[in-house]
Amino acid sequence: AFVSFDDQDRLVYFNDAYQKLFPSIAAALEPGMAYRELLRVQLSAISLDEAAGREEAWIEESIARRRSPGEPTEQKFSGGQLIQLSQHKTASDGSIDIRRDVTDLREAEQARRQSEEGWAALFQQSPSAMVLTETASARILAVNDAWCTTWGYSHDEVIGKRTTEMKIWHDVSQSAVFYEELERLGFVESFEATYLTKEGTPRKTQVAARKVVLNGIEQLLSVVVDVNEKRMAEQALAQSEQHFRNL
């Protein structure tokens, strides 16, 4: 929505979008109307949270603010409607106001933040060892407590480091196969590999990984399950069965 004023702060032009944005004052809009009068008309027809009970003071503040326009501001109207206001000076010392309804945008952002906060809580509280790495740089962005406990690192020891720096893979050829499969499919399921703990102890693992986009950044979410004891038990069972077959 667009509205312009001359160097005397008188209304010069407004477009259809402005009238649709403020239908309750559309009939009162007239070229030549002073900006101060426009604000009074607006407040008489529309409830604005920040002006409630202090209408004249708000009008004076608005007039003073437009003399040196800064960053866009947001105004909350009745019913929860949020209008973003951008003000600009013109070469002829007039001004231009650009307004847009950002209610749906802010609601979507809030819903996304709540979703991300809920996901972050699940990530940290998961009993499975989980790690987030930035796809482009392979830098570790986050690990949960279970990952730290399993592999013997603290959060500070791993955040920001590349996975190659950590020397987690016992066999780098397994790493190559893993990333080839990830690149081909976009995900990896039940990939068996040997990881090294901080002390250098090799442990059998199963890795599941999938590319996700969080905060606009493509990331790799990996869940690493320590199956060392399971594999040792399976090996012992196989040896026992072989022993009884040989009797």
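Shown above is the structure to which this text applies.
Residues numbered from 1 in each chain as written. Predicted model: local features only at pLDDT ≥ 70, side-chain atom pairs only at ≥ 80, totals over all residues. Heavy atoms only, no water.

What about empty space enclosed by the protein?
Then step 1. Within the structure shown, the criterion is met by 1 cavity of 30 Å³ or more.
Then step 2. Counted as a void, the largest cavity has a volume near 40 Å³.
Then step 3. For the lining of the largest cavity, the secondary-structure elements that each account for two or more residues are helix 2 (35-45), helix 3 (55-66) and strand 4 (82-89).
Then step 4. No other element matches the 3 residues that helix 3 contributes to the lining of the largest cavity.
Then step 5. Within the lining of the largest cavity, the residues separate by chemical class into 4 nonpolar, 3 polar and 1 charged. (1 Å grid on protein atoms, 1.4 Å probe; cavity = no way out; pocket = protein on both sides within 12 Å on 5 of 7 lines; lining within 4 Å. Points joined across faces, edges and corners; volume = space filled by probe spheres on them. Helix = DSSP H or I, 4+ residues; strand = E, 2+ residues; numbered from the N terminus. Nonpolar A, V, L, I, M, F, W, Y, C, P; charged D, E, K, R; others polar.)

Points about the nonpolar core
Then step 1. L11, Y18, F22, I25, L29, L38 and W58 are the most contacted members of the largest nonpolar core, which totals 23 residues.
Then step 2. Broken down by secondary-structure element, the contributors of at least two residues to this core are strand 1 (2-5), strand 2 (11-14), helix 1 (16-21), helix 2 and helix 3.
Then step 3. Element by element, the count of residues in this core is highest for helix 2, at 5 residues.
Then step 4. For F22, the residues in contact, after removing those within four places along its chain, are Q42, I46, F77, I83 and R99.
Then step 5. Of all hydrophobic cores here, the second largest spans 22 residues; its members include A129, I140, V158 and L220. (Core = buried A, V, L, I, M, F, W, Y, C linked by side-chain atoms within 4.5 Å. Buried < 20%, exposed > 50% of the residue type's maximum accessible area, 1.4 Å probe, protein only. Contact = heavy atoms within 4.5 Å.)

Here we look at helix 3
Then step 1. For helix 3, which comprises 12 residues, the first-to-last C-alpha distance of 17 Å matches the rise-based estimate of 16 Å (1.5 Å per residue) to within 8%.
Then step 2. Taken together, the buried positions of helix 3 are W58, I59, S62, I63 and R66. Down the axis, helix 3 shows its buried residues gathered within 135° of arc, on one side only. (Expected span 1.5 Å × (residues − 1). Arc of directions from axis to C-beta.)

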